[in-house]
Amino acid sequence: MENIMKVQQTVEIQQRCQELWEHFLIASICNDLLLGAVSDHLYLENMETLVESVDKKEKLEYLIDAITACGFGEDIREVAYQLYEGENPIAPYNELTSIWNPEDFMEEVFDKISKHIHYYSYESITDNPYYKNVKLDTTTCGAITLSTKDTLPYEFFQAYYQTYDKSNPFFYAKLGFFDRKIYFPALLENGNVWMSVVVSEIESMQKDIDLAHGKVITYGLGLGYYAFMVAAKENGESVTIIEKNPDVISLFKDKILIQFPHKDKIHIIEADALEFVKQQKDGEYDIAFSDFWGGYYDGVSLYMQFMPLTARFHKTIHTYWIESCFMEYFFRPVVMKVLMKLIEGKEVELPVRQYEVEQIQVAFEKYLLKEEIIIHSAADIDALLSPTNMILLMRSFAISYQKQFQN
């Protein structure tokens, strides 16, 4: 079948595509290095000796550079070695060797990584209202455990990337660090952390909390952070929580809800969100927030199932936790792949993902090629990649994708 998506072949468009491809390759390397540090629970010892204080901007910048060098210097050199001297440099990243010499490449990666590492003050967490009110002792019910975890001084943790730069739209990793040890509440299932009130959770929910008003429904309970923050708002009339795990509900009611200052606003219904939403009436709630997935990989599959079920709502506004992350991790790269195919005639490979995610990406690529999208200029490419248009594409794709399984 002939592609419906069309791109005019102009010098301007070709140049923009090449720029974006270069940005994509560098961003992919940096994202992998940054998030790899989080997965490895990397922390740096004896960093206190470098600076006495981070109050002044120049000292903070010095500290960030020192942390980047200590945490990533060796990895950056290893990547450069593999690209420039390795026997089998990984494609397509080896294309970067024709753009930079090894020294400039390492400087570029170092500069990009340092800009995505941020210092967080101890008070930025301890002053949070949830932290001030909710204290947890280790308690277990069935496979669910309430407990606390910690972040060590100068241990890298993932923060929520909220900046969109249309000139370089492929960065999504952001790391933070504290200069002292911090404990945070966590919910574990079979010993694995399912949800924790850490920086990424707090930052990634802030826009949804700001939007909430009136009668609110949230799918997924966890530790009740969203419910706590919405109930504390003067314009938050009520918060209805849909949760299917009775052990989570039991622990929440017995150990957490009793510490909420606005507990009277909160109502819990034991049900499966995927089933409950089917009988929900439009306008019954003002705002609906979905958060019953643990992270990116299980989340994108559940999002693809759940979002289409909410498409019939017009009076109730629905938002979805880390929807922008699904866009950045999984969907925007596919647009880059399609642009390279239509403009450069190249079939490029994307970073390897879990099988289920890759199947979604393959389907999204086919969907894009059948959409009536026409690129007349470089500005049209930038508009296509923008968060607003990407989210619209994702949602229409999710609806189309689910229809395949219904027919």
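Structural data are supplied above this passage.
Residues numbered from 1 in each chain as written. Predicted model: local features only at pLDDT ≥ 70, side-chain atom pairs only at ≥ 80, totals over all residues. Heavy atoms only, no water.

## Topic: the overall build of the protein
Assigned secondary structure in the protein consists of 14 helices and 14 strands. Scaling as 2.2 N^0.38, a compact globule of 407 residues should have a C-alpha radius of gyration of about 22 Å, and the protein matches this with 23 Å. For the protein, the C-alpha atoms occupy an extent of roughly 60 × 60 × 35 Å along the three principal directions. For the protein, the proportion of its 407 residues judged to be buried stands at 52%. (Helix = DSSP H or I, 4+ residues; strand = E, 2+ residues; numbered from the N terminus. Rg over C-alpha atoms; globule rule 2.2 N^0.38 Å. Buried < 20%, exposed > 50% of the residue type's maximum accessible area, 1.4 Å probe, protein only.)

## With respect to the sheet that holds strand 6 (residues 175-177)
Within the open sheet, the 3 strands sit side by side as 2-6-5. Their pairing is mixed. Either end of the sheet is taken by a strand with one partner, and the two such strands are strand 2 (117-119) and strand 5 (157-158). Sheet topology places strand 5 next to strand 6; 2 bridges connect them, and they run antiparallel. Considered in strand 6, the bridge of Gln-158 is made with Leu-175. (Pairing = 2+ DSSP bridges.)

## A few points about helix 1 (residues 11-39)
Its 29 residues place the ends of helix 1 42 Å apart at the C-alpha level, agreeing with the 42 Å of an ideal helix rising 1.5 Å per residue. Trailing helix 1 by a residue or two, His-41 shows a phi angle of about 55°, which is positive. (Expected span 1.5 Å × (residues − 1).)

## Observations concerning the packing of helix 10 (residues 296-306) against helix 12 (residues 355-369)
Any two packed helices are characterised by how steeply their axes cross, that is the angle between the axes, and by the distance between the axes. One can describe the packing of helix 10 onto helix 12 by two numbers: an axis separation of 9 Å at closest approach and a directional angle of 45°. As judged from the angle between their axes, helix 10 and helix 12 are oblique. Note that helix 10 runs across helix 12; the crossing there is left-handed. Each of Tyr-297, Val-300, Ser-301 and Met-304 in helix 10 lies in contact with helix 12, whose residues at this interface are Glu-356, Val-357 and Ile-360. (Axes fitted to C-alpha atoms, helices over the stretch in contact; angles between N-to-C directions. Parallel < 35°, antiparallel > 145°, perpendicular 65-115°, else oblique. Left-handed = near helix turned anticlockwise from the far one by under 90°. Contact = heavy atoms within 4.5 Å.)

## Some points on the pattern of salt bridges
Applying the stated rule across the entire model yields 11 salt bridges. Asp-111 is the salt-bridge partner of Lys-115, the closest N and O atoms lying 2.7 Å from each other. Here the salt bridges share partners, and the residues they tie into one network are Lys-337, Lys-341, Glu-347 and Glu-365. (Salt bridge = Lys/Arg side-chain N within 4 Å of Asp/Glu carboxyl O.)

## Overview of the nonpolar core
The biggest cluster of nonpolar side chains holds 143 residues, and the ones touching the most others in it are Phe-72, Ile-117, Tyr-219 and Phe-331. Apart from residues no more than four positions distant in its own chain, Phe-72 is found in contact with Leu-33, Leu-34, Ala-37, Ile-67, Ile-113, Ile-117, Phe-156 and Leu-175. (Core = buried A, V, L, I, M, F, W, Y, C linked by side-chain atoms within 4.5 Å.)

## Description of the sheet that holds strand 11 (residues 266-270)
The strand order across the open sheet built from 5 strands is 11-10-9-12-13, with neighbouring strands paired in parallel fashion. At either margin of the open sheet sits one strand with a lone partner, and together these are strand 11 and strand 13 (317-320). The average undirected angle you get between the axes of adjacent strands in this sheet is 20°. One ladder, built from 5 bridges, connects strand 10 (residues 236-243) with strand 11; its direction is parallel. Bridged to Thr-240 within strand 11 is His-267. Contacts between helix 8 (residues 246-256) and the sheet are confined to strand 10 and strand 11, with strand 11 contributing the most and set at about 155° to the helix.

## Some details on the pairing of strand 9 (residues 214-219)
The buried count for strand 9 comes to 5 of 6 residues, which makes it a mostly enclosed element. As judged from the 6 bridges shared by strand 9 and strand 10, these two strands associate in the parallel manner. From the neighbouring strand, Tyr-219 faces strand 10, where its bridge partner is Ile-242. Crossover strand 9 to strand 10 through helix 7 (residues 225-231) is right-handed. The pairing of strand 9 with strand 12 (residues 287-290) spans 4 bridges and is parallel. Residue pairing across strands places Thr-218 opposite Phe-289, the latter belonging to strand 12. (Right-handed = clockwise from strand over helix to strand, strands pointing away.)

## Topic: the environment of Leu-96
In this structure, Leu-96 sits in the loop between helix 2 (57-84) and helix 3 (102-114). Residue classification places Leu-96 among the buried positions, given a relative accessible area of 0%. Separated by 103 residues in the primary sequence, Leu-96 and Val-199 have C-alpha atoms spaced 34 Å apart.

## Digging into the side chain of Ser-301
In this structure, Ser-301 sits in helix 10. Setting aside chain neighbours within four positions, we find Ser-301 in contact with Glu-356 and Ile-360.

## Some details on the layout of surface pockets
In this structure, the largest pocket encloses a volume near 1100 Å³. Taken together, 40 residues form the lining of the largest pocket, with Val-38, Gln-158, Ser-196, Val-198 and Ser-200 sitting closest to its centre. For the lining of the largest pocket, the element with the highest residue contribution is helix 1, accounting for 5 residues. Its residues placed into classes, the lining of the largest pocket shows 25 nonpolar, 10 polar and 5 charged. Approximately 560 Å³ is the volume attributed to the second largest pocket. Lining the second largest pocket are 25 residues; nearest its centre among them are Tyr-160, Lys-207, Glu-323, Ser-324 and Ile-391. In terms of residue count, helix 6 (residues 199-211) provides more of the lining of the second largest pocket than any other element does, 7 residues in total. Its residues assigned to classes, the lining of the second largest pocket comprises 11 nonpolar, 8 polar and 6 charged. (1 Å grid on protein atoms, 1.4 Å probe; cavity = no way out; pocket = protein on both sides within 12 Å on 5 of 7 lines; lining within 4 Å. Points joined across faces, edges and corners; volume = space filled by probe spheres on them. Nonpolar A, V, L, I, M, F, W, Y, C, P; charged D, E, K, R; others polar.)

## Let's talk about the packing of aromatic side chains
Per the stated rule, a full pass over the model turns up 30 aromatic pairs. With a centroid separation of 5.6 Å and 85° between ring planes, the pair formed by Tyr-303 and Tyr-320 is classed as edge-to-face. Of this pair, Tyr-303 sits in helix 10 while Tyr-320 sits in strand 13, and the two are 17 residues apart along the sequence. Assessed through its relative accessible area of 6%, Tyr-320 is described here as buried. (Phe/Tyr/Trp six-rings, centres within 6.5 Å; stacked < 30°, edge-to-face > 60°.)

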